[in-house]
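# Examination of the molecular architecture
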Amino acid sequence: MKHLLSAVAFLVPALLPGVPLLAEPNVWGIQVEQSEYRVGGDTDVAAWDLDAFYGNDELRFVYRSEGEYALEEESFETLENQFRLSTPISDFFDGVAGVRFDTASGPDRLHGVIGIHGLTRQWFEIDADLFVSDHPSVRFEVEYEGLITNRIILVPSIELDVPLVDDLALDRAAFSPKLEVGARLSYDVIDRLFSPYVGVHYERTFGQSANLVRAAGEDASAAFLVIGARMMF
Amino acid sequence: MSETTTFRAAMLGTGLALALMGSATAGEYNLTVDPVEIDTGAFSRSGVGFNGTSPGPVLRFREGEAVTINVTNNLDQNTSVHWHGLILPYQQDGVPKISYPGIAPGETFTYRFPITQSGTYWFHSHSGFQEPDGAYGAIVIEPKDREPFRHDREYVVQLADAHPHSGDRIMRNLKMMPDYYNRQQRTLLDFFDDAEEKGVDAALRDRGDWGDMRMMPTDVEDLQGFTPLINGKGPEQNWTGLFRPGERVRLRFINSSAMTYFDIRIPGLKLTVVQADGNNVQPVVVDEFRIAVAETYDVIVQPTENRAYTIYGESMGRTAFARGTLAPREGMAADVPELREPPLLTMGDMAGHAGMDHGSMDHAAMGHGSMPKGAMDHAAMGHGSMPKGAMDHAAMGHGSMPKGAMDHAAMGHGTMPKGEMDHAAMGHGSMPKGEMDHAAMGHGSVPKGAMDHAAMGHGSMPKDGMNHADPFYAPGSGLRPEAADGGRFLSYADLKAQKPLYEHRPATREIELKLTGNMERYIWSINGVKYADADPIRLTYGERVRFKFVNTTMMTHPMHLHGMWSILDNGSGKWNPVKHVISVAPATTVYMETEVDAPGQWAFHCHLSYHADSGMFRKVVVEGGPDTASAAASMKSGG
Amino acid sequence: MSTQTRLRACALALAIASVPSLALAAGDHAHGHGKGPDIGKPGEAADVSRTISITMHDNLYEPETLKIREGETVRFTIVNRGEFVHEFNIGTATMHAAHQAEMMGMMESGVLEPDRINHGKMDHGGHGMKHDDPNSVLLEPGQSGEIIWRFPDHATLEFACNVPGHYQSGMVGRIHLSH
């Protein structure tokens, strides 16, 4: 595992040479895809999903943070922080490499990240990541921005997370995926700066992972109504 | 004291007083670059201006004058001033890192150069996004000879697209989300309208075609949400120019926008275009014209009625309008027209991106997919003596060929005598007027008179039967402008130099510049290479270079070469107009020629601010020419 | 005389009497375009009271205005010192506007180029393609021409160049008619 991590660590500086970081002006941005309150399931959840980046056309440093905080239990169901380097590999796709720190309730995990991020034909935004560690997994996300009007936007999304190796401490069994499906309807109040939304969020764990989750006294599936805001600055 | 002494003392005193006054003597001008407040009527923001205001002052020079301009930087960042359209030594051109290092905060730089031209020009900062933030002004140069037109009064009409966001913020937003500012995108509701109009299948296919390319037909204006200004005043503030009925008024239109093209008209008045980019053109009377970013047009109008007229400038994407008034008295206003429907790009604007459907005969499968036009030898295949009309293009899958795609010369039909082509037999018989796109067929630059109407069977055409296409837009382009109230819309093809500046001679070589870009990453470039990664373009003093702009993007780019004239090739031979900005529409190829007669190094870039900054820029190095070492020494800045 | 003859004589007299009024109604036209305002007519060389020389430059005339006495016959010698084709045309503003449309047609069909007149093509089309009215001359750069014109008593006249764009650029001047 350590050498796998080092392999990924080598990839990162491999992206650096030949990049005129100083020659071009760097841009930065913060995109908060989700910051919401979820009602339903066992307990209400406060959740967020944001990307912050800094860099130029050739190389960008991206900080990605995702979290789900169960309010009643006062603990994090999910708390992931990724530090990634992103570079274009084609007109519409970037290659990414980095690390991910999981520090939610339960044992901490550290993974290396290799993946791609981009826009497919017909405007689907996808992320496909391989998390490299003692408990590797793959994650695939698809999102579509549907313009009902120029300000009212419906974003359906699907996320599939598949462990490749058992991680019993975290109730995860190999090849038993977790699926998250959402649909969020937002309204751009101020430019793209602040867009409140309402929506639904459904998550479900399948296969052996589901059994593990139920054995721990949790539900294997949950549905939520969500209310929150998208922000970009 | 004796009388002489008293007199001398008085003279000395007066001389001293004059010297101490601080005001510039004739030929000397002072500019300061300042932080300013900008109020457009729709919003207020802080920006950058000259001598305390945005727009800055109108600098008035005389042809033949030697000017000295002291520019003091009162900002806390580097600045620069570029004299757009002026021919001068390259060290005076005002582009940081190409002409000079720029002007540091607190510093004063003194420009010194001779004025060797006349007309309407402008000046602006060439640092960061100071220009979109308000750092622009006008230059009016009085000619030494009489102009080939008369007017009783004149006004500078300087257009801008002021935006509440600062230039830096706009660039950042565009890099984060290229359609950040586009509120005219195709929505679900539009889809329902389309489906109702042309059926669900067609509507779906349309969405699918654009989706396949990951491009939008609404991508006309990258930047929306701006308030158009005329001389610093928004539409509500209504800049007004006075006239006495019957007078000829000269309007010096300058487009000092960052990103916006305007379609200008004055309902009720004909516009006689007499200058383009500062140079006299043979006068052409139009009802409306499109002014690209950084271009200037001088027009003469003659309002005869004792009423107000609205100067109306619709942005090319129809998201906003600039508005001013010409009136006999202050405080008057005329009707302000409504904005027209926004244009949509078509597949015609998508050079090479659109998928090609070859029908049932699958050339690609046979390995013939990338056959150049003309390579297919019909005679060899036994199709040689096919009677006219027998070749069924549709059945071969050539049915939906865009106009102009069929290369007659390549097919061996090149030297067809006039009148030989039997349109009816080819099934083109009942073509509605306006359908035949002459420019697309390569007949665009036919000299006037060459077209033999009688031989084509058009002999008895009623007057106004011919609907001229604009060869500077792609066939079927969604951007081709039309005069709002009917009438004539100015085309580049209408511009002819009144007095050619150079002898007409063939170019010594051709340089192709593909205008390229990646909208998703908001990267704009030339030949696929950004400025930061590119070698300079090297030219030799004394040559005549023919630049071929090939626009592979779906945006219109106003290309600006500093220091030397751009002679637009619109088929007028020696009358080709002499300009400094050449606008290239999507999917078109435009040629311009430059007599390389200015030594040094020069900027060459798309004048859309956020395109130039993201890489659509080059340095041009002119090798050879008269020794400028001594010139450089004498140009050293004072103060 | 019989009644019939008297009637015929009356009718004839009436007919003859009405001719001048018909002529008056038709106007004193001096050009081939049919009825129109009185702008004068070609004059006789013997009646010429003076000669005015007109110089045509690129898009302007010297002199810029003319002072003519009503009924005067003037000889104009016109020379084109510009680099472009110019016209010297005597008429009303309305006539000039119409003529501009005709000359635009001449440019579009190739009869007229900015610095040349293609006489060969002039016989090509119908009305409007020729340029041989007595109240105007169309001259190439360097060419000279002459008009002898008898001015009317009352009229609001201009002399103008109707090559596309020239009138609007200021190539037009008032003709001040005085007693």
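In case you missed it, the structure is sitting above this.
This text gives an overview of the structure that appears in the document. (Residues numbered from 1 in each chain as written. Chains lettered and ligands numbered in written order. Predicted model: local features only at pLDDT ≥ 70, side-chain atom pairs only at ≥ 80, totals over all residues.)

For the rest of this paragraph, the subject is the nonpolar core. One finds Val273(B), Phe289(B) and Val299(B) to be the most contacted residues of the largest nonpolar core, which totals 137 residues. With six residues, strand 9 (residues 153-162) of chain B is the single largest residue contributor to this core. Filtering out sequence-adjacent residues up to four positions away, Val299(B) remains in contact with Leu251(B), Phe253(B), Leu271(B), Thr272(B), Val273(B) and Val274(B). Counting 31 residues, the second-largest nonpolar core is a separate cluster that includes Met56(C), Leu66(C), Val85(C) and Val163(C). (Core = buried A, V, L, I, M, F, W, Y, C linked by C-beta atoms within 7 Å. Buried ≥ 20, exposed ≤ 12 C-beta atoms within 10 Å, placed from the backbone. Helix = DSSP H or I, 4+ residues; strand = E, 2+ residues; numbered from the N terminus. Contact = placed C-beta atoms within 7 Å.)

Moving on: the interface of chain B and chain C. Taken together, the contact pairs 17 residues of chain B with 15 residues of chain C. Within the residue set of the side of chain B that touches chain C, elements represented by two or more residues are strand 14 (271-276) and strand 15 (279-286) of chain B. Per element, the largest residue contribution to the side of chain B that touches chain C is four residues, and it comes from strand 15 of chain B. Its residues assigned to classes, the side of chain B that touches chain C shows eight nonpolar, four polar and five charged. (Nonpolar A, V, L, I, M, F, W, Y, C, P; charged D, E, K, R; others polar.)

All right, on to unusual backbone geometry then. Note that the residue after Ser54(B), namely Pro55(B), is joined by a cis bond; omega there is -5°. Tracing the backbone shows Pro55(B) in the loop between strand 2 (44-50) and strand 3 (58-62). Glu62(C) connects to Pro63(C) through a cis peptide bond whose omega is 0°. Looking at the element boundaries, Pro63(C) is found in the loop between strand 3 (60-62) and strand 4 (66-69).

What follows deals with the sheet that holds strand 12 (residues 172-178) of chain C. Residues and elements named next belong to chain C. The mixed open sheet is built from five strands, whose spatial order is 4-12-11-6-9. If you trace the sheet from one side to the other, it starts and ends with strand 4 and strand 9 (136-139), each paired once. Strand after strand, the sheet turns through a mean of 20° between neighbouring axes, direction not considered. Bridging between strand 11 (residues 157-160) and strand 12 involves four bridges; their strand directions are antiparallel. Paired with alanine 160 across the strands is valine 172, a residue of strand 12. (Pairing = 2+ DSSP bridges. Axes fitted to C-alpha atoms, helices over the stretch in contact; angles between N-to-C directions.)

Right, let's talk about the pairing of strand 10 (residues 227-230) of chain B for a bit. Residue and element names in this part refer to chain B. Every second residue of strand 10 is oriented toward a common face, with Thr227 and Leu229 on one face and Pro228 and Ile230 on the other, all of them buried. Of the strand pairs in this sheet, strand 9 and strand 10 are connected by four bridges, and their pairing is antiparallel. Considered in strand 10, the bridge of alanine 162 is made with threonine 227.

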